[in-house]
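# What the coordinates show
Chain by chain, the residues run as shown.
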Amino acid sequence: MHFSRHRPIGLPALVLLIAAVGCSSADDSGSAAVPSPDAKVAKLCENLDEVLPAKVDGESREDPEPASTLTAGWGSAAIILRCGVVQPPKMIDPKVATGSDPDAMGGGVNGVDWLMEKQDDGSYRFTTANRSAYVEVTVPRGRDSSGVLVDLAPAVKKAIPGGIAD
């Protein structure tokens, strides 16, 4: 029987591996899970993709991987938009409605209602309310979200009609 001997990784190889992982753009690349909405919502999301701005809060559009008309991104610590997501549980949480949830609240920006949820990593997730499809926007920690929502509001109003998402 032959057993392979594993040689320990030498210090130079380990340093190179750590440097390669540390320099990879995985953290900032803007990857995003693609939602799986029904055909009606997917069409609304495709319409939204066609009218999204080239810049959001001064950042150029850099779509996340995998490429999809249901996702979009801007900047390198990416602002990520996903259209056709499911309703977030906090949207129907009575604590949010009464203002007693410290990590979630509702509000509106330029005619678009949003649920704001603070995430564990310090980022914020905004999900449209009172629209025929749920649109989610994640804003990285440390970035002012008001410019992001102001820039996205006209496209959302144009492509996603008011109503209640299924």
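Here, every reference points to the structure presented above.
Below, the structure is looked at part by part. Keep in mind the model is a prediction, meaning the values are calculated, not measured. (Residues numbered from 1 in each chain as written. Predicted model: local features only at pLDDT ≥ 70, side-chain atom pairs only at ≥ 80, totals over all residues. Heavy atoms only, no water.)

### A look at the overall build of the protein
Counting its secondary structure elements, the protein contains 4 helices and 8 strands. Listed N to C, the secondary structure of the protein is α-α-β-β-β-β-α-β-β-β-β-α in terms of helices and strands. A burial count over the protein gives 36% of its 166 residues as buried. Taking the contacts inside the protein whose residues are at least 6 apart along the sequence as the reference set, 55% of them involve residues at least 24 apart. Looking at the protein as shown, the accessible area adds up to about 9900 Å², and 56% of this sits on carbon and sulfur atoms. (Helix = DSSP H or I, 4+ residues; strand = E, 2+ residues; numbered from the N terminus. Buried < 20%, exposed > 50% of the residue type's maximum accessible area, 1.4 Å probe, protein only. Contact = heavy atoms within 4.5 Å. Areas by Shrake-Rupley, 256 points an atom, 1.4 Å probe, with all protein chains shown as cover.)

### Here's the deal with the pattern of salt bridges
Within the structure shown, the criterion is met by 7 salt bridges. A salt bridge links Arg61 to Asp63, with the nearest nitrogen and oxygen atoms 2.7 Å apart. The exposure class of Arg61 is partly exposed, given its relative accessible area of 25%. Between Lys90 and Asp101 there is a salt bridge; the shortest N-O distance is 2.5 Å. Taken as a pair, Lys90 in the loop between strand S4 (79-83) and helix H3 (94-97) and Asp101 in the loop between H3 and strand S5 (104-109) lie far apart in primary sequence, 11 residues in all. With relative accessibility at 26%, the residue Lys90 sits in the partly exposed group. Residue Asp101 is classed as buried on the basis of its relative accessible area, which comes to 7%. A single network of salt bridges, built from pairs that share partners, joins Asp49, Arg61 and Asp63. (Salt bridge = Lys/Arg side-chain N within 4 Å of Asp/Glu carboxyl O.)

### Here we look at the packing of aromatic side chains
Aromatic ring pairs: the centre-centre distance and the angle between the two ring planes describe each pair. Under the definition given, this model contains 2 aromatic pairs. Between Trp114 and Phe126, the aromatic rings sit 6.4 Å apart at their centres with planes inclined by 90 degrees, giving edge-to-face as the arrangement. One end of the pair, Trp114, is in strand S6 (residues 112-118); the other, Phe126, is in strand S7 (residues 124-129), and 12 residues separate them in sequence. Each member of the pair, Trp114 as well as Phe126, is classed as buried. Ring centres of Tyr124 and Phe126 lie 6.5 Å apart, and the angle between their planes is 35 degrees; this geometry places the pair in the tilted category. With relative accessibility at 26%, the residue Tyr124 sits in the partly exposed group. Aromatic ring contacts, followed pair by pair, group Trp114, Tyr124 and Phe126 into a single cluster. (Phe/Tyr/Trp six-rings, centres within 6.5 Å; stacked < 30°, edge-to-face > 60°.)

### As for the state of the cysteines
Each disulfide consists of one covalent bond between the sulfur atoms belonging to two cysteines. Evaluated as defined, the whole model comprises 1 disulfide. Disulfide pairing is shown between Cys45 and Cys83; the S-S distance is 2.1 Å. Since a negative S-S torsion denotes a left-handed disulfide, the Cys45-Cys83 link at about -75 degrees is left-handed. One end of the pair, Cys45, is in helix H2 (residues 39-51); the other, Cys83, is in strand S4, and 38 residues separate them in sequence. Accessibility assignment for this pair places Cys45 and Cys83 in one class, buried. (Disulfide = S-S within 2.5 Å.)

### As for helix H4 (residues 146-159)
Relative to the 20 Å expected for 14 residues at 1.5 Å per residue, H4 spans 20 Å between its end C-alpha atoms, a close match to the ideal helical length. Of all the bends in H4, the greatest, near 35 degrees, is centred on Leu152, and the proline Pro154 appears no more than four residues after it. Gly147, Val148, Leu149, Leu152, Ala153, Ala155, Val156 and Ala159 are the residues of H4 that are buried. (Expected span 1.5 Å × (residues − 1). Bend = angle between axes of the 7 residues up to and from the residue.)

### Things to note about the side chain of Ser123
Of note, Ser123 is situated in the loop between S6 and S7. Within the structure, Ser123 has its side chain in polar contact with the side chain of Asp121 (distance 2.6 Å). (Polar contact = N/O pair within 3.5 Å; in protein donor to acceptor, adjacent residues only side chain to side chain.)

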